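Structural overview for review
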Amino acid sequence: MTVNRRMLMLLAAGGSLALMLGAFAFQYIGGLPPCKLCIWQRYPHVVAIALGAVALRFGNAAVAWLGALAAFATAAVGAYHTGVERGWWEGPTTCSSGPIGGLSTDELFDQIMNAPLVRCDEVPWEMFGLSMASWNMVISLVLMGLWIAAARKPA
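Since this is a predicted model, take the numbers as computed values, not measurements. Counting from 1, residues in each chain are numbered in the order their sequence is written. For this predicted model, a pLDDT threshold of at least 70 governs which residues receive local features, and a threshold of 80 or more governs which side-chain atom pairs are given and counted, while totals over whole chains, interfaces and linings are taken from all residues. Based on all heavy atoms of the structure, the side-chain values leave hydrogens and waters out of the count.

Things to note about the overall build of the chain
Note the following rule: Numbered from the N terminus, helices here are DSSP runs of H or I no shorter than four residues, and strands are runs of E no shorter than two. Here the term buried applies to any residue with accessible area under 20% of the maximum for its type, exposed to any over 50%, and partly exposed to those in between, with areas from a 1.4 Å probe on protein chains only. Should any heavy atoms of two residues lie within 4.5 Å, those residues are counted as being in contact.
Across its full length, the chain holds five helices and two strands. Counted from the first residue to the last, the chain has its helices and strands arranged as α-α-α-α-β-β-α. The buried share of the chain, reckoned over its 155 residues, is 33%. The long-range share in the chain, meaning contacts at least 24 apart out of those at least 6 apart in sequence, stands at 77%.

Focus on the environment of Pro-34
Residue placement: Pro-34 occurs in the loop between α1 (5-29) and α2 (36-57). For the pair Pro-34 and Cys-120, spaced 86 residues apart in the sequence, the C-alpha separation amounts to 8.6 Å. Discounting residues that sit within four places of it in the chain, Pro-34 has contacts with Gln-27, Ile-39, Arg-42 and Val-118.

Focus: the packing of aromatic side chains
Note the threshold: Think of it this way: a Phe, Tyr or Trp ring, Trp meaning its six-membered ring, pairs with another when their centres are within 6.5 Å, and the plane angle makes it stacked under 30 degrees, edge-to-face over 60, tilted otherwise.
In total, this model carries four aromatic pairs according to the counting rule given. Of the aromatic side chains, those joined through ring pairs into one cluster are Tyr-80, Trp-88 and Trp-89.

So, the environment of Pro-154
Position of Pro-154 among the secondary structure elements: in the segment after α5 (132-152). Along the sequence, Pro-154 and Ala-61 sit 93 residues apart, while their C-alpha atoms lie 8.7 Å from each other.

Take a look at the structure:
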């Protein structure tokens, strides 16, 4: 059985769908609400899923290259999120905690009261030392490879 371009694109889009279903399972079944960066990682997957639907009708290389771009985008956000979780750099101030040294009691209280419920700089779940953001990055890079393989496959 030969694998054609359309099959590769559907496999890649299916991978994004599986990741989205997994994210929703963690959120709604596992009780782990997403942070802001987690939500940002979902948008490119939605685009990739939509491109998979487009691939059913128009399975050309342009669609595949757009899918590769979507997979790269979510992998990039996942890499950024991983760095925030590991403390390699600061994340958005709306979902990370800044240093509290030098804050007055009132300023600290205001910071606590205005803090989001889910922080981007904490790892709520990990497997084999990798957080959900890290797994999203790794799997999305594999999906990007599938999209690129589809784009390079002769029609």
